[in-house]
Protein chains: 2
Amino acid sequence: MSESTKRKLSGAALEKVSERFKALSEPMRLRLVYALMDGEKTVSELVRETGGVQANVSKHLSVLLDAGILGRRKQGTSSYYRIVDESIFELCDLVCGSIHDRLVAQLDELGAPPRS
Amino acid sequence: MSESTKRKLSGAALEKVSERFKALSEPMRLRLVYALMDGEKTVSELVRETGGVQANVSKHLSVLLDAGILGRRKQGTSSYYRIVDESIFELCDLVCGSIHDRLVAQLDELGAPPRS
DNA sequence: TCGTTACATTACTAGATAACGATATCACCA
DNA sequence: TGGTGATATCGTTATCTAGTAATGTAACGA
């Protein structure tokens, strides 16, 4: 487990960090990010895979683009989006781990009947 | 650098993960988390250190409490808050790193005059 | 018991934003 | 040039939420 620096952040840095978290705070945007795990895709493909509406998918994609999480390449009448910040997956893994740990702890608080 | 699993998440998991990110998407809440880096503190202490209003600080603290990021201990008329999910700092470190990398990349795009 | 201190909760307002239909833009082709 | 498909943007509405003042609650001391 990599150790954190625990360095205090300046006010401006806190703003930037919170903005990054905000970009990832919508289920639809996380769905798009995960849909792009296996390579770049067009908007239509993402619309099909996520079941979203075109205008909405397009807007969320531009939010992720502005946040520096995705990249875009235009070819013909299509736009191909791809992940450019791979640290996204480490972030999600960390969060999944801590959510898992918390649920296990809550189970233990109930008296841990199944174990022992 | 620890490698991510890149495992696809279910719909319910995506909801949970996005909720965790949402809890961290406010500068004020990050300020509170960082103020608690050096140990547990009372609400009044946090009000003093962050410059916030009591009601607002109290509300943000309860959001972080519900998210499982903070813990609370009551003693006398005071409430002592503390960090119970240390992975928070790794999250922030990751985000800081990727923000830094992105800024460096933007500098390079400008032609990298200083580093011939 | 009365007052005080510390904290939580409620009620309200202003601002942000997600979702969606409609429209605009742009590339391509006949 | 006109038509079509792909994407982006606009306008609107509904929902959410941060902030704040006022009030509620609980513990402690005189």
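A short tour of the structure in this document, coming up.

Reading the values: the criteria
Residues numbered from 1 in each chain as written. Chains lettered and ligands numbered in written order. Predicted model: local features only at pLDDT ≥ 70, side-chain atom pairs only at ≥ 80, totals over all residues. Heavy atoms only, no water. Near = heavy atom within 4 Å. Polar contact = N/O pair within 3.5 Å; in protein donor to acceptor, adjacent residues only side chain to side chain. Helix = DSSP H or I, 4+ residues; strand = E, 2+ residues; numbered from the N terminus. 1 Å grid on protein atoms, 1.4 Å probe; cavity = no way out; pocket = protein on both sides within 12 Å on 5 of 7 lines; lining within 4 Å. Points joined across faces, edges and corners; volume = space filled by probe spheres on them. Nonpolar A, V, L, I, M, F, W, Y, C, P; charged D, E, K, R; others polar. Phe/Tyr/Trp six-rings, centres within 6.5 Å; stacked < 30°, edge-to-face > 60°. Buried < 20%, exposed > 50% of the residue type's maximum accessible area, 1.4 Å probe, protein only. Lys NZ or Arg CZ within 6 Å of the ring centre and 35° of its normal. Least-squares fit on C-alpha atoms with pLDDT ≥ 70 in both. Contact = heavy atoms within 4.5 Å. Pairing = 2+ DSSP bridges. Axes fitted to C-alpha atoms, helices over the stretch in contact; angles between N-to-C directions. Left-handed = near helix turned anticlockwise from the far one by under 90°.

1. Remarks on the protein's contact with DNA strand D
Phase 1: Inspection of the region around DNA strand D gives 21 residues, with S44, S58 and Y81 of chain A together with K59 and H60 of chain B positioned closest.
Phase 2: Atoms of DNA strand D within 4 Å of the protein belong to the sugar or the phosphate in 61% of instances, the rest to bases.
Phase 3: A distance of 2.7 Å is found between a phosphate oxygen of DNA strand D and a side-chain nitrogen or oxygen belonging to S58 of chain A.
Phase 4: Take K59 of chain B: an N or O atom from its side chain is 2.8 Å from a base nitrogen of DNA strand D.
Phase 5: Counting only elements with at least two residues in the surface near DNA strand D, the list comes to α3 (43-50), α4 (54-66) and β3 (78-83) of chain A together with α4 (54-66) of chain B.

2. Re the layout of surface pockets
Phase 1: Of the pockets and cavities examined, the largest pocket occupies roughly 1,000 Å³.
Phase 2: Together, 44 residues line the largest pocket, and E90, D93 and L94 of chain A together with E90 and L94 of chain B are the ones closest to its centre.
Phase 3: Sorting the residues of the lining of the largest pocket by element identifies α5 (87-109) of chain A together with β2 (70-75) and α5 (87-109) of chain B as the ones contributing at least two each.
Phase 4: Of the residues contributing to the lining of the largest pocket, the split by class is 11 nonpolar, 15 polar and 18 charged.

3. Describing the protein's contact with DNA strand C
Phase 1: Neighbouring DNA strand C are 21 residues; H60 of chain A together with S44, S58, R72 and Y81 of chain B lie closest to it.
Phase 2: Of all atoms in DNA strand C that approach within 4 Å of the protein, 65% are sugar or phosphate atoms.
Phase 3: Separating a sugar or linking oxygen of DNA strand C from a side-chain N or O atom of T77 of chain B is a distance of 3.2 Å.
Phase 4: Between DNA strand C and S79 of chain B, the relevant distance is 3.2 Å, taken from a sugar or linking oxygen to a side-chain nitrogen or oxygen of the residue.
Phase 5: Among the elements of the structure, α4 of chain A together with α3 (43-50), α4 and β3 (78-83) of chain B are those that each provide at least two residues to the surface near DNA strand C.
Phase 6: Here the surface near DNA strand C gets 4 residues from one element, more than from any other, and that element is α4 of chain A.
Phase 7: Considered class by class, the residues forming the surface near DNA strand C number 5 nonpolar, 11 polar and 5 charged.

4. As for the packing of aromatic side chains
Residues and elements named next belong to chain A.
Phase 1: For the structure shown, the criterion picks out 3 aromatic pairs over all chains.
Phase 2: Consider the rings of Y34 and F89, whose centres lie 5.7 Å apart with planes at 80 degrees: the pair is edge-to-face. Here Y34 is found in helix α2 (residues 27-35), whereas its partner F89 is found in helix α5, with 55 residues between them in sequence. Here Y34 and F89 have matching classes, each one buried.
Phase 3: Over the ring of Y80 we find R73, and its NZ or CZ is 4.4 Å from the ring centre.

5. Here we look at the relation of the copies chain B and chain A
Phase 1: It takes a turn of 180 degrees to lay chain B on chain A, together with a shift of 0.0 Å along the axis; the resulting RMSD is 0.0 Å. Such a turn and shift between the copies fits a two-fold axis. Minimal C-alpha distance to the rotation axis in chain B is attained by F21 of chain B, lying at 2.6 Å.
Phase 2: Taken as a fraction of all interface residues of chain B, those also at the interface in chain A reach 100%, which identifies the copy contact as same-surface.

6. Here's the deal with the pairing of β3 of chain B
Residue and element names in this part refer to chain B.
Phase 1: Burial along β3 is one-sided: S79, Y81 and I83 are buried, and none of S78, Y80 and R82, which face the opposite way, are.
Phase 2: Across 2 bridges, strand β1 (residues 41-42) lies against β3 in antiparallel orientation. Bridged to K41 within β3 is Y81.
Phase 3: Of the pairings in the sheet, the one linking β2 to β3 comprises 6 bridges and is antiparallel in character. The residue of β3 that forms the bridge with K74 is S79.
Phase 4: Counted along the chain from β2 to the antiparallel partner β3, the turn is 2 residues long, and its residue G76 has a positive phi close to 65 degrees.

7. Some remarks on the packing of α2 of chain A against α3 of chain A
Residue and element names in this part refer to chain A.
Phase 1: Here α2 crosses α3 at 115 degrees, and the two axes come no closer than 10 Å. Of the two possible hands of crossing, α2 and α3 adopt the one that is right-handed. Residues M28, R31, L32 and A35 of α2 touch α3, and the partners they reach there are L46, E49 and T50.
Phase 2: A breakdown of the residues in the contact of α2 with α3 according to their chemical character gives 4 nonpolar, 1 polar and 2 charged.

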